[in-house]
Amino acid sequence: MEYKNFINGKWVGARSGEKFENRNPADWDELVGVFPKSGAAEVDEAVEAAEQAFRRWRLVPAPKRAEIIYRAGELLRKHKEEIARDMTREMGKVIQETRGDTQEGIDTAYYAAGEGRRMFGETTPAELPDKFAMSVRQPIGVCGIISPWNFPMAIPTWKIFPALVCGNTVVFKPASDTPLTGVNLVRTLAEAGLPAGVINLVHGTGSGVGNPLVQHPKVRLVSFTGSSRAGRQIAEFCGKTLKRVSLELGGKNAQIVMEDADIDLAVEGALWGAFGTTGQRCTATSRIVLHEKIREEFLASLVARVKKLRLGNGLDPNVDVGPLINEGQREQIQSYVEIGLKEGAKLMTGGKPCEQGDCKKGWFYEPTVFAEVEQNMRIAQEEIFGPVVSVITARDFTDAISILNNSSYGLSSSIYTNDVRRALVAIRDIEAGITYVNGPTIGAEVHLPFGGVKDTGNGHRESGTAVLDVFSEWKSVYIDYSGKLQKAQIDDVRVE
Ligand code: UN1
């Protein structure tokens with residue numbers, strides 16, 4: 001029940017001896033574990049260890065580094081069920097989803113391991129005779145990785161596995177709501193044979209551990225997933241110090257349903273997109289944009305389905321929706337529902353905490369649907385991060401795309417239509433990093449780039465080969481075998 005930090009290959013407590021508790025959000029009586037409440041001193045030790053380890057790790061051939069990641073994937077697969085159960089206990093989402101989250105880590109391990117034998121650079125002709133030109137990827141150094149609680153396995157692996165394959169070393173701060181999954185991941189990497197100091201784990205809060213990690217002069221790169229507010233602060237600091245920073249931030253994702261769509265399919269997609277993970281995904285569907293002709297039919301069907309969703313402990317296989325992560329999130333959801341009502345939106349179902357029966361001892365909130373939402377209302381503009389969806393009506397296709405794009409965020413998006421022309425125009429015109437056609441806004445696969453435009457990030461992408469551009473530096477190499485000084489752009493080699 002008592003867990004530790006992992007620094008330089010050893011499990012150690014915080015120097016102060018301080019600890020924090022991790023409780024099950026579906027059942028406050030269940031203590032999941034006790035973790036060291038760390039601070040700048042532990043960050044410092046971890047960064048020193050990572051810096052020392054970098055000297056050797058960067059020289060290990062990439063295919064060999066990748067073999068360790070592959071083994072970590074095998075171990076995650078072996079322990080998938082225990083890891084998923086721990087995850088449901090510490091953050092509440094239902095067991096099918098925590099299995100999926102763990103599977104996403106496994107997929108990422110296999111994919112990143114393959115990159116150990118690719119990580120292609122370019123060879124290209126030189127403009128001068130007897131000269132060779134190529135580009136290679138090089139590691140950056142110590143990476144500070146700060147990850148959220150909603151995908152406590154998948155998201156850290158998106159960052160850590162490619163970072164390690166690229167030859168970097170890591171100091172990892174998992175969200176303080178999901179420290180156990182952080183332990184499960186780091187334990188797996190250690191068991192897979194990662195040398196001491198290459199991965200380090202420090203538990204604690206954003207201000208206690210996150211800030212000193214971002215600000216540590218020996219941390220060369222910060223990778224952060226979380227709120228746009230925190231992301232902006234991190235980016236400001238990294239801007240001042242010219243530190244490399246990769247940010248995955250908020251979303252206000254919309255699903256469009258056109259009048260020609262398969263309505264049952266679109267309702268099913270919306271239900272999964274809006275209420276899967278209790279709406280706590282950066283890719284969650286938080287706006288549904290309906291063509292006016294199918295509005296009534298869609299809404300009636302959606303509301304009927306939402307009312308049937310079963311809330312409870314995610315370990316119960318009959319439960320559809322787990323709790324919110326903590327009290328603060330529940331208060332935030334409640335305050336947005338009040339804002340929606342004040343703004344004049346029509347509450348169709350939900351709109352209050354669930355406090356009876358299976359929900360007595362957890363941070364549960366009823367799945368909530370607002371209709372008659374206007375596109376500029378706060379509930380249609382601000383990220384709520386919970387089981388609340390806003391339904392907006394569109395006059396036609398052009399109006400629907402413009403409503404979707406009327407957002408400061410641009411992560412995920414979806415359109416349900418059977419008209420191929422509309423689908424392709426939507427793919428071209430939607431301002432988002434991810435567009436689904438006839439699928440919900442959630443469900444990204446790990447071998448494609450993940451990330452968004454506008455306030456969702458700073459132009460970086462995780463997953464796919466795109467993530468290599470975050471975790472490696474390009475070096476261009478010129479080899480002159482002419483035996484004389486040749487001057488690029490000056491020597492004019494004439495073809496006679
Ligand atoms: C997130 O939304 O916070 O695309 C991550 C998905 C998952 C990852 C989601 N594969 O829904």
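Along every chain, residues carry numbers that run from 1 in the direction the sequence is written. At least 70 in pLDDT is required for a residue's local features to be given in this predicted model, at least 80 for side-chain atom pairs to be given and counted, and no such filter applies to totals for whole chains, interfaces and linings, which use all residues. As a rule here, side-chain values cover all heavy atoms of the structure and leave hydrogens and water aside.

**Some thoughts on the overall build of the chain**
Of the regular secondary structure elements, the chain holds 15 helices and 21 strands. Here the C-alpha radius of gyration of the chain, 24 Å, is about what a compact globule of 496 residues would show, namely 23 Å. Across its three principal axes, the chain shows a C-alpha extent of roughly 80 × 70 × 40 Å. Using a 1.4 Å probe on the protein chains alone, a residue whose accessible area is under 20% of its type maximum counts as buried, one over 50% counts as exposed, and one in between counts as partly exposed. Burial analysis of the chain (496 residues in total) assigns 56% to the buried set. Throughout, a contact is declared for two residues whenever any of their heavy atoms are within 4.5 Å. Pairs at least 24 residues apart make up 74% of the contacts formed inside the chain by residues separated by at least 6 positions. Numbered from the N terminus, helices here are DSSP runs of H or I no shorter than four residues, and strands are runs of E no shorter than two. In this setup the radius of gyration rests on C-alpha atoms only. A globule is expected at 2.2 Å times the number of residues raised to 0.38.

**What to know about the environment of Arg-395**
Of note, Arg-395 is situated in the loop between β16 (388–394) and α13 (397–405). The exposed category is assigned to Arg-395, whose relative accessible area is 56%. For the pair Arg-395 and His-291, spaced 104 residues apart in sequence, the C-alpha to C-alpha distance is 6.1 Å.

**Quick notes on the domain arrangement of the chain**
By the assigned domains, the chain splits into domain 1 (5–249 + 457–476) and domain 2 (253–437). Here the C-alpha centre of domain 2 lies 31 Å away from the C-alpha centre of domain 1. At the interface, 24 residues of domain 1 touch 27 residues of domain 2. Counting the surface domain 1 buries against domain 2, the share from its top three residues, Trp-28, Glu-97 and Trp-149, is 26%. Salt bridge, as used here: a side-chain nitrogen of Lys or Arg that lies within 4 Å of a carboxyl oxygen of Asp or Glu. Viewed at the interface, domain 2 and domain 1 are joined by 2 salt bridges. These domain limits were set by an automatic method or by a database of domain assignments. Defined here as a combined quantity, buried area equals the accessible surface (1.4 Å probe) lost by two parts on assembly, summed across both.

**Describing the side chain of Gln-381**
As for its position among the elements, Gln-381 is in helix α12 (residues 378–381). Look at Gln-381 and you get buried, because its relative accessible area is 17%. Any pair of N or O atoms that falls within 3.5 Å is considered a polar contact. Within protein, one atom must be able to donate a hydrogen and the other to accept it, and sequence-neighbouring residues count only if both atoms are side-chain atoms. A polar side-chain atom of Gln-381 sits 3.0 Å from the main-chain carbonyl oxygen of Asn-406.

**A word on the site of the ligand**
Every residue lining the ligand is accounted for by Glu-104, Asn-150, Phe-151, Trp-158, Arg-281, Cys-282, Thr-283, Ile-442, Gly-443 and Ala-444. Accessibility throughout is a Shrake-Rupley quantity obtained with a 1.4 Å probe, and a residue counts as covered only by protein chains that appear here. Contact with the protein chains removes 98% of the 320 Å² of surface that the ligand exposes when unbound. Polarity classes work like this: nonpolar for Ala, Val, Leu, Ile, Met, Phe, Trp, Tyr, Cys and Pro, charged for Asp, Glu, Lys and Arg, and polar for all others, with Gly in that last group. Here the shell around the ligand is composed, by residue class, of 5 nonpolar, 3 polar and 2 charged. Nearness is judged by heavy atoms alone; a residue qualifies as near a molecule or strand once a single heavy atom is within 4 Å of it.

**What to know about the pairing of strand β6 (residues 131–138)**
What you see with β6 is a clean split: Lys-131, Ala-133, Ser-135 and Arg-137 sit on the buried side and Phe-132, Met-134, Val-136 and Gln-138 on the side with no burial. DSSP calls a pair of strands paired once it identifies at least 2 bridges connecting them. Across 4 bridges, the pairing between strand β5 (residues 122–125) and β6 is antiparallel. Within β6, the residue paired with Thr-124 across the bridge is Ala-133. Between the end of β5 and the start of β6, which pair antiparallel, lie 5 residues, with Asp-130 showing a positive phi angle near 50 degrees.

**Quick notes on the packing of helix α4 (residues 95–115) against helix α5 (residues 154–165)**
Orientation is described by lines fitted to C-alpha atoms, with helices fitted over the stretch in contact, and by angles between N-to-C directions that extend from 0 to 180 degrees. In the contact formed by α4 and α5, the axes pass within 9 Å of each other and the chain directions differ by 15 degrees. It follows that α4 is roughly parallel to α5 by the angle criterion. Crossing geometry of α4 relative to α5 is assigned as right-handed. Where α4 approaches α5, its residues Asp-101, Glu-104, Gly-105, Thr-108, Ala-109, Ala-112 and Glu-115 are matched on the opposing element by Ala-154, Thr-157, Trp-158, Phe-161, Pro-162 and Val-165. Here the angle decides the label: under 35 degrees means roughly parallel, over 145 means roughly antiparallel, 65 to 115 means roughly perpendicular, and every other value means oblique. Whether a crossing is left-handed or right-handed is set by the direction in which the near helix is turned from the far one by less than a right angle, anticlockwise for left-handed and clockwise for right-handed.

**Some words on a nonpolar patch on the surface**
Judged by side-chain polarity, Val-420, Leu-424, Ile-427 and Val-437 come together as a nonpolar surface patch covering roughly 360 Å² of accessible area. Considering every element that reaches the nonpolar patch, the biggest residue donor is helix α14 (residues 420–429), with 3 residues. Within the secondary structure, Val-437 is located in strand β19 (residues 434–437). By definition, no residue in a patch forms a salt bridge, and every one has over 30% relative accessible area; like charges are joined within 9 Å, nonpolar side chains (Val, Leu, Ile, Met, Phe, Trp, Tyr) within 5 Å.

**Notes on the sheet that holds strand β21 (residues 473–480)**
Ordered by their spatial adjacency, 3 strands build an open sheet running β5-β6-β21, and the pairing between neighbours is antiparallel. Both edges of this open sheet fall to β5 and β21, since each of them pairs with a single strand only. When strand polarity is set aside, the average angle formed by the axes of neighbouring strands in this sheet is 20 degrees.

**Some details on the packing of aromatic side chains**
By convention, a stacked pair of Phe, Tyr or Trp rings (six-membered ring in the case of Trp) has centres within 6.5 Å and planes under 30 degrees apart, an edge-to-face pair has planes over 60 apart, and any other such pair is tilted. All chains considered together, the criterion is met by 7 aromatic pairs. Relative to Tyr-110, the ring of Tyr-70 has its centre 5.0 Å away and its plane inclined at 35 degrees; by these criteria the two rings are tilted. One end of the pair, Tyr-70, is in helix α2 (residues 62–78); the other, Tyr-110, is in helix α4, and 40 residues separate them in sequence. The class for Tyr-70 is partly exposed, based on a relative accessible area of 40%.

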